[in-house]
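Listed below, chain by chain, are the residues.
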Amino acid sequence: MCSSDLDATLPQNGRAAKRILDAEGLRRALTRIAHEILERHGGTDDLVLVGMRRRGVPIARRLADLIGRFEGTAVDVGELDVTMYRDDLEMRGTRPSIQPSSLPRDLTDARVVLVDDVLYTGRTVRAALDALMSFGRASQVQLAVVVDRSEEHTSELQSLAYLVCRLLLEKK
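Model, not experiment: these values are computed from the prediction. Along each chain, residues carry numbers from 1 onward, in the same order as the chain's sequence is written. Residues qualify for local features only when their pLDDT is at least 70, as the model is predicted, and side-chain atom pairs are given and counted only at 80 or more; totals for whole chains, interfaces and linings, by contrast, use all residues. Excluded from the side-chain calculation are hydrogens and water; included are all heavy atoms of the structure.

Details of the environment of Leu-47
With respect to the secondary-structure elements, Leu-47 resides in strand 3 (residues 47-52). C-alpha of Leu-47 to C-alpha of Val-75: the two residues are 28 residues apart in sequence and 6.8 Å apart in space. Excluding anything up to four places from it in sequence, Leu-47 contacts Ile-37, His-41, Val-75, Asp-76, Arg-105, Arg-111 and Val-113. Put simply, DSSP marks the helices as runs of H or I at least four residues long and the strands as runs of E at least two long, and each gets a number from the N terminus on. In what follows, residue pairs with any heavy atoms lying within 4.5 Å of each other are defined as contacts.

So, the pattern of salt bridges
Basic side-chain nitrogens of Lys or Arg form a salt bridge, by our definition, when they fall within 4 Å of a carboxyl oxygen of Asp or Glu. Counted by the stated rule, this structure contains 8 salt bridges. Among the ionic pairs, Arg-40 bridges to Glu-36, the shortest N-O distance being 2.8 Å. With a gap of 4 residues between them, Arg-40 and Glu-36 both fall in helix 1 (residues 23-41), about one helical turn apart. The partner of Glu-79 in a salt bridge is Arg-61, and the shortest N-O contact between them spans 2.1 Å.

Here we look at unusual backbone geometry
With omega at 10°, the peptide bond leading from Arg-53 into Arg-54 counts as cis. By secondary structure assignment, the location of Arg-54 is in the loop between strand 3 and helix 2 (56-71). Positive phi, normally seen in glycine, also occurs at Asp-46, with a value near 60°. Residue placement: Asp-46 occurs in the loop between helix 1 and strand 3. Of note in this structure, Asp-109 is not a glycine but carries a positive phi near 65°. As for its position among the elements, Asp-109 is in the loop between strand 4 (76-80) and strand 5 (111-119).

Quick word on the confidence of the model for the protein
Looking at any residue, its pLDDT shows the predictor's confidence there, from 0 to 100. Across the protein, the average pLDDT comes to 77, with 69% of residues at or above 70. Element-level mean pLDDT values for the protein span from 44 in strand 7 (residues 161-167) up to 96 in helix 2. Ignoring residues within four places in sequence, the model shows residues 1-7, a span with pLDDT below 50, making 12 contacts including any to other chains. Confidence drops under a pLDDT of 50 for residues 157-172, and excluding neighbours within four residues, the segment shows 58 contacts in the predicted structure.

What about helix 1?
Working rule for helices: expected span equals 1.5 Å times residues minus one. In this model, helix 1 (19 residues) spans 27 Å end to end at C-alpha, consistent with the 27 Å of a helix rising 1.5 Å per residue. Of the positions making up helix 1, those classed as buried are Gly-25, Leu-26, Ala-29, Leu-30, Thr-31, Ile-33, Ala-34, Ile-37, Leu-38 and His-41. Downstream of helix 1 by one or two residues, Gly-42 has phi in the positive range, about 65°. Categorising residues by exposure relies on relative accessible area from a 1.4 Å probe, with only protein chains included: less than 20% of the type maximum marks a residue as buried, more than 50% marks it as exposed, and the intermediate range marks it as partly exposed.

Brief notes about the side chain of Asp-81
Within the fold, Asp-81 resides in the loop between strand 4 and strand 5. His is not counted here, nor are the chain ends, while Lys and Arg score as positive and Asp and Glu score as negative. At 4.7 Å, Arg-53 is the nearest oppositely charged side chain to Asp-81, a buried residue that forms no salt bridge. N or O atoms within 3.5 Å of each other form a polar contact, as long as, within protein, one can give a hydrogen and the other can take it, and as long as residues adjacent in sequence are counted only when both atoms are side-chain atoms. Side chain to side chain, Asp-81 and Thr-83 meet in a polar contact 2.5 Å long. Those residues in contact with Asp-81 that sit more than four places away from it in its chain are Arg-53, Ser-97, Ile-98, Gln-99 and Ser-101.

A closer look at helix 3 (residues 123-132)
Of all the positions in helix 3, only Val-125, Ala-127, Ala-128, Ala-131 and Leu-132 are classed as buried. Viewed end-on, helix 3 has its buried residues packed into an arc of 160°, placing them on one side of the element. Contacts made by the buried residues of helix 3 are with strand 3, strand 4, strand 5 and strand 6 (140-148). Throughout, the arc means that of the directions going from the helix axis to the C-beta atoms.

Re the side chain of Thr-44
Residue placement: Thr-44 occurs in the loop between helix 1 and strand 3. The exposure class of Thr-44 is buried, given its relative accessible area of 18%. Ignoring anything within four residues of it in the chain, the contact list for Thr-44 reads Leu-38, Ile-67, Glu-71, Thr-73, Val-75 and Arg-111.

Concerning a negative patch on the surface
Candidate patch residues must exceed 30% relative accessible area and have no salt bridge, after which like charges are joined if within 9 Å and Val, Leu, Ile, Met, Phe, Trp or Tyr side chains if within 5 Å. Accessibility throughout is a Shrake-Rupley quantity obtained with a 1.4 Å probe, and a residue counts as covered only by protein chains that appear here. For charged residues, the charge sits on one atom: NZ in Lys, CZ in Arg, CG in Asp, CD in Glu. Taken together, the side chains of Asp-45, Asp-46, Asp-106 and Asp-109 define an acidic patch exposed on the protein surface. Examined against the element boundaries, Asp-45 turns out to sit in the loop between helix 1 and strand 3.

Have a look at this one:
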């Protein structure tokens, strides 16, 4: 995957997107997160990375590739569409785009790392936790995000983002 496949930009309330990481910064951030996952899990046993559609999927794949290179073993990667589990579905229009979820195995007793690009309100993460239950009861679920914007908004799940590349604090 080339660096252009993952754009590290954030929308700015109707204005042009603001770039927060260039390709090299993103590469370093993902390397750091991959190492942190390994340290926290003590290896890859029972580890499953689950990318939240859309932008979490390429990040999960890149993290799995990095971990595989570091450890010499493949890491399971899945894709999760949380559309039907969102509590704000009615605000997203009458025809939401629903994609299939694809997980490599039953998640019962797995150590799952949910992967997304940005944590803001926590709604997507909460929907993902509900969706994961359809695939078995994991022994552990943790969250990895590249950017934590939860300080800009009162996030319902601030304490879940343990693997964060950049914490954005904008002055009011």
